[in-house]
Amino acid sequence: MSVATVKIQDLGKDPQLGYHKYQFGGFKFERDMYFVRVTWPKGTQTIEVDRFLRAMVRDIGWGFFYGWIFFDDVFGTQNHYGTVDLFAGTYSKAHRDAGVDFLETFNSADVREAFETICKNWINEGYDPLRAPMETGSPLGPKTKEADGPLIRGFNPARRMMGLPGDTAPRSDSSGHPINRAFSDLTFDKPDIEAEPGFEDQVYAFNLYDHIARSDVTWNPSFTSITRACICCVTSEEHMLPVIHGNDRNEWFIQLTDEIHWNIQDKNTGSPRGRIVMKSGDVCAMPADIRHQGFSPRRSMLMVLENGTPGLQDRYAKGELEPFPITASRW
Amino acid sequence: MSVKTHVGSLASYDKGSIKVNDDLRHYAFSNIFEVANNSKPYERVMVVSNLEYCAEVVRAEGTSPWYVAPHDEFAIVMDGEIEFTFYQVGDDQKPTHKAGAARLNGEPTGKRMGRVRARRGHEVLLPAGSAYQLSAAKPSVAIIQTSAGPESVERWSEICVLK
């Protein structure tokens with residue numbers, strides 16, 4: 001589907017707090033000391049500013065990810081891989097029943113530009129929404145100095161395998177990534193590699209846990225190895241996933257260390273379906289008909305296996321594929 | 001404050017829980033160490049399945065057969081120490097199957113490529129079209145990112161939480 005180009009409009013600066021207000025299509029975005037207000041033609045949603053910024057920088061970095069990203073139960077995005085829906089109340093029965101839901105489709109590049117513009121203006125120095133809450137300052141209060149440096153990081157994906165010649169490098173002291181405080185009790189050694197001459201780029205291994213333990217971001221997967229369209233992502237998780245992810249395909253979680261508690265909801269209605277506690281070594285599918293949100297009581301390591309086959313989302317949406325991974329005949 | 005990272009192992013793991021108002025089979029909740037504890041050496045038991053792709057749990061103990069796959073695979077050691085030995089395959093040993101690992105017909109007849117000794121947390125490349133063999137002096141565990149293939153074992157009803 002092609003859509004017209006829409007550019008974010010700067011509506012000017014709040015004279016008291018210093019933050020700019022923006023219009024993007026039918027959506028208006030403004031923030032104050034504590035909250036963000038997203039306004040659309042039929043309503044307004046108020047979101048706590050930390051939650052909003054944590055969600056928005058990740059949505060940018062993930063490239064709008066696979067499927068739906070709910071900033072809260074009302075506002076979010078749906079990725080159509082080229083275009084992106086911004087929605088408000090579309091997946092909330094109460095909003096639909098009241099007739100105040102709203103959805104508008106934009107080019108992905110326009111949404112990215114809009115979100116980056118908002119984040120750049122609204123993120124002050126000393127606050128880093130990609131870090132765990134215990135590791136960063138507060139987003140509250142009036143505008144001070146804009147944070148410099150990249151809004152997003154940690155999204156440099158491996159093309160075959162992290163660390164191979166010409167591919168992305170694992171984190172290290174020299175890349176400015178010390179071992180995180182939460183994993184200071186672990187020891188990280190290197191694999192013993194003996195490659196015959198000429199096979200140095202094929203006989204290869206690296207310490208994956210060391211790479212994860214050095215992450216300075218949370219809920220922010222990095223691609224580490226790819227088998228055809230199967231993508232292995234790893235991430236360090238602490239506190240809460242600041243979005244609710246609605247799946248447009250099946251994905252799989254492998255808990256490497258510690259534990260994460262997942263709330264599971266129906267994808268379309270948001271109705272609670274239950275709760276999953278994953279501990280080290282646990283494996284669990286996230287079916288294509290749910291939303292999920294994770295809570296990690298302490299920093300943990302999570303592996304996610306995604307199927308990046310193009311067009312998969314349409315096959316699930318049409319019902320061509322069942323919304324769960326193991327069909328009945330395989331049990 | 002002292003920190004304590006919890007990492008499961010064959011000898012000690014604490015399985016989580018699943019309580020959902022849904023068919024539990026849709027979530028296929030299992031535990032790598034439990035699967036490995038109940039597997040024969042070098043059974044490649046699927047714990048992840050995503051259309052043609054999968055991840056297999058391998059209990060490494062003693063020496064494995066030789067395997068080859070037509071695409072890259074990746075092994076992550078979850079417990080213990082595993083040695084991976086790599087050879088090129090002869091022209092008559094090149095994989096003819098579409099996906100996943102298959103046993104090599106005999107010993108590899110190509111050049112020796114090298115070996116990797118990997119421990120917990122290490123990820124090892126199992127390069128497309130190369131023969132590889134695993135060996136472990138003590139029971140160890142790896143999970144392999146791959147495609148479903150001739151060596152893949154499915155026993156979901158046995159490994160998954162169903163009530």
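Structure first, text after, so check above.
Participant: Sorry, what's going on with the overall build of chain A here?
Facilitator: Within chain A one finds 5 helices and 19 strands. In summary, chain A has a C-alpha radius of gyration of 21 Å against a globular reference of 20 Å for 331 residues, a match within 12%. Structurally, chain A occupies a C-alpha span of about 65 × 55 × 35 Å along its principal axes. Burial statistics for chain A: of 331 residues in total, 47% are counted as buried.

Participant: Would you take a moment to explain the interface of chain A and chain B for this structure?
Facilitator: Interfaces are frequently sized by the accessible area removed from exposure as the parts join. Residue-level contacts link 59 residues of chain A with 61 residues of chain B. For the side of chain A that touches chain B, the leading source of residues is strand β17 (residues 272-279) of chain A, giving 7 residues. In terms of strand pairing, strand β10 (residues 192-195) of chain A meets strand β9 (residues 112-119) of chain B through 4 bridges, oriented antiparallel. Residue pairing for β9(B): E194(A) is matched across the bridge by R115(B).

Participant: Is there a simple way to explain helix α3 (residues 108-122) of chain A in this structure?
Facilitator: Residue and element names in this part refer to chain A. Under the 1.5 Å per step criterion, the end-to-end length of α3 is 21 Å for 15 residues, consistent within 8% with the ideal 21 Å. Turning to α3, its buried residues number three or more, namely V111, A114, F115, I118, C119 and W122. Taken end-on, α3 shows its buried residues confined to a sector of 125 degrees, consistent with a single buried face. Packed against the buried residues of α3 are β2 (20-24), β3 (27-31), α1 (49-61), β8 (83-88) and β9 (102-107).

Participant: Where do I start with unusual backbone geometry in this structure?
Facilitator: For residues besides glycine, phi is generally negative; the peptide bonds are generally trans as well. All names here are of chain A. Here the phi dihedral of W219 falls at roughly 50 degrees; this positive angle occurs in a residue that is not glycine. Looking at where W219 falls in the secondary structure, it is placed in the loop between α4 (208-213) and β12 (222-227). In this structure W219 comes out as buried when scored by C-beta crowding, with 23 C-beta atoms within 10 Å. For H239, which is not glycine, the phi dihedral falls at a positive 65 degrees. Take H239: it is sitting in strand β13 (residues 230-240).

Participant: Please clarify how the sheet that holds strand β5 (residues 43-48) of chain A should be interpreted in this entry.
Facilitator: Within a sheet, adjacent strands bond to each other through the backbone by hydrogen bonds, running parallel or antiparallel. Residue and element names in this part refer to chain A. Spatial ordering of the open sheet is given by β1-β2-β3-β4-β5, a layout of 5 strands whose pairing is antiparallel. Of all the strands in the sheet, just β1 (9-13) and β5 have a single pairing partner and so form its edges. On average, adjacent strands in this sheet sit at an angle of 20 degrees to one another, irrespective of strand direction. Of the pairings in the sheet, the one linking β2 to β3 comprises 3 bridges and is antiparallel in character. From the neighbouring strand, F24 faces β3, where its bridge partner is F27. Relative to β5, α1 is tilted by about 95 degrees, and along the sheet it contacts β3, β4 (35-40) and β5. On the sheet, α3 packs against β2 and β3 and is oriented at approximately 170 degrees with respect to β2.

Conventions used here
- Residues numbered from 1 in each chain as written.
- Chains lettered and ligands numbered in written order.
- Predicted model: local features only at pLDDT ≥ 70, side-chain atom pairs only at ≥ 80, totals over all residues.
- Helix = DSSP H or I, 4+ residues; strand = E, 2+ residues; numbered from the N terminus.
- Rg over C-alpha atoms; globule rule 2.2 N^0.38 Å.
- Buried ≥ 20, exposed ≤ 12 C-beta atoms within 10 Å, placed from the backbone.
- Contact = placed C-beta atoms within 7 Å.
- Pairing = 2+ DSSP bridges.
- Expected span 1.5 Å × (residues − 1).
- Arc of directions from axis to C-beta.
- Axes fitted to C-alpha atoms, helices over the stretch in contact; angles between N-to-C directions.

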